[in-house]
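Structural overview for review
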Amino acid sequence: MSDNLFSGKEASSLYKHYAEMLMADSDKGIVLIASGVIEETLKDLITLRLYPSMVKSDPLFCGETAPLGTFLAKIEMAYRLGILSDTVKNELTTFRKLRNKFAHNHKLTSLNDPQISDQLSHIFKDDNPVWVSILNTQNAKINTKQQFILYFAATMMALKRLTTVMTVVGAIEIEHLDQSVQ
């Protein structure tokens, strides 16, 4: 793995995978698919910080009364565990609201709809240095759908790289514990 989480062949491959995942879908489709993928990845990251469940279907995440059964709960828990920064938490919260608008309003179909583009403006803001640097790498003006795919792919690349790092750190901690017990 490269020293920088956001560069190198593995990061590039992850980014490409997630960008291609959404290319052919409608605006509504890409938002719903992207939210499901991000939510599942947050579950994976949270799970890495917890003791394993003793049952196959983890009651923290599955079932009617699961405390971490919603996208919002996963965002909040990942933040409280120190997995997400304030900025990423706020972006994902905005993203979750955007997903809810698409999921609960059958008339919304476009990322260019005023109520959607207003939500996106909170994510694609000029004061976010990561987003500005990503956009600066693009030579041409990109449309809203391309911005969304770019955002999703970059976010997923970062979250998956973080998962890899947390898995390695967890293995090192377990190895250290095993050695101290002996």
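Above: the structure in question.
I will try to describe carefully the structure that is included in this document. All values reported here derive from a predicted model rather than from experimental measurement. Sequence order as written defines the numbering, with residues in each chain counted from 1. For this predicted model, a pLDDT threshold of at least 70 governs which residues receive local features, and a threshold of 80 or more governs which side-chain atom pairs are given and counted, while totals over whole chains, interfaces and linings are taken from all residues. As a convention, hydrogens and water are excluded, and side-chain values are obtained from all of the structure's heavy atoms.

Helix-helix packing is described using two parameters, namely the angle between the two axes and the distance between the axes. Each axis is a line fitted through C-alpha atoms, taken for helices only over the stretch in contact, and angles between the N-to-C directions span 0 to 180 degrees. Secondary structure elements are defined from DSSP: runs of H or I of at least 4 residues count as helices, runs of E of at least 2 residues count as strands, and each element is numbered from the N terminus. Two elements in contact, helix α2 (residues 27-48) and helix α3 (residues 71-80), have axes separated by 9 Å at closest approach and are oriented at 40 degrees. Between α2 and α3, the angle falls in the class oblique. Along this stretch, α2 crosses α3, giving a crossing that reads as left-handed. In this structure, α2 contributes S35, I38, E39, L42, K43 and I46 to the contact, and α3 contributes F71, K74, I75, M77 and A78. Here the residues of the contact of α2 with α3 are counted per class, giving seven nonpolar, one polar and three charged. Here is the rule for angles: anything less than 35 degrees is roughly parallel, anything more than 145 is roughly antiparallel, 65 through 115 is roughly perpendicular, and the remaining ranges are oblique. Crossings are classed by handedness, with left-handed meaning an anticlockwise turn of the near helix from the far one by less than a right angle and right-handed meaning a clockwise turn. Pairs of residues are marked as contacts when any of their non-hydrogen atoms sit within 4.5 Å. Put simply, Ala, Val, Leu, Ile, Met, Phe, Trp, Tyr, Cys and Pro go in the nonpolar bin, Asp, Glu, Lys and Arg in the charged bin, and everything else, Gly too, in the polar bin.

I38, F95, F148 and F152 are the most contacted members of the largest nonpolar core, which totals 39 residues. Broken down by secondary-structure element, the contributors of at least two residues to this core are α1 (9-22), α2, α3, α4 (86-104), α5 (114-123) and α7 (144-181). With nine residues, the single largest contributor to this core is α7. Joining through side-chain atoms within 4.5 Å is the link that ties buried Ala, Val, Leu, Ile, Met, Phe, Trp, Tyr and Cys residues into a set, and such a set is a nonpolar core. Here's how the labels work: a residue is buried when its accessible area is under 20% of the maximum for its type, exposed when over 50%, partly exposed in between, all with a 1.4 Å probe on protein chains only.

In the sections that follow, a salt bridge refers to a side-chain nitrogen of Lys or Arg positioned within 4 Å of a carboxyl oxygen of Asp or Glu. Across all of its chains, the model carries four salt bridges by this definition. Its salt-bridge partner being E76, residue R80 comes within 4.0 Å of it at the nearest N-O pair. Taken together, the residues R80 and E76, both in helix α3 and four residues apart, mark about one turn of the helix. The exposure class assigned to E76 is partly exposed, which follows from its relative accessible area of 29%. Of the charged contacts in the structure, one is a salt bridge between K89 and E76, with a shortest N-O distance of 3.5 Å. A residue pair is termed long-range when its members are at least 10 positions apart, and K89 in helix α4 and E76 in helix α3 qualify at 13 residues. Taking the relative accessible area as the measure of exposure, K89 reaches 18% and is therefore buried. One connected set of salt bridges, linked through shared partners, spans E76, R80 and K89.

Nothing here speaks to function; it is geometry throughout.
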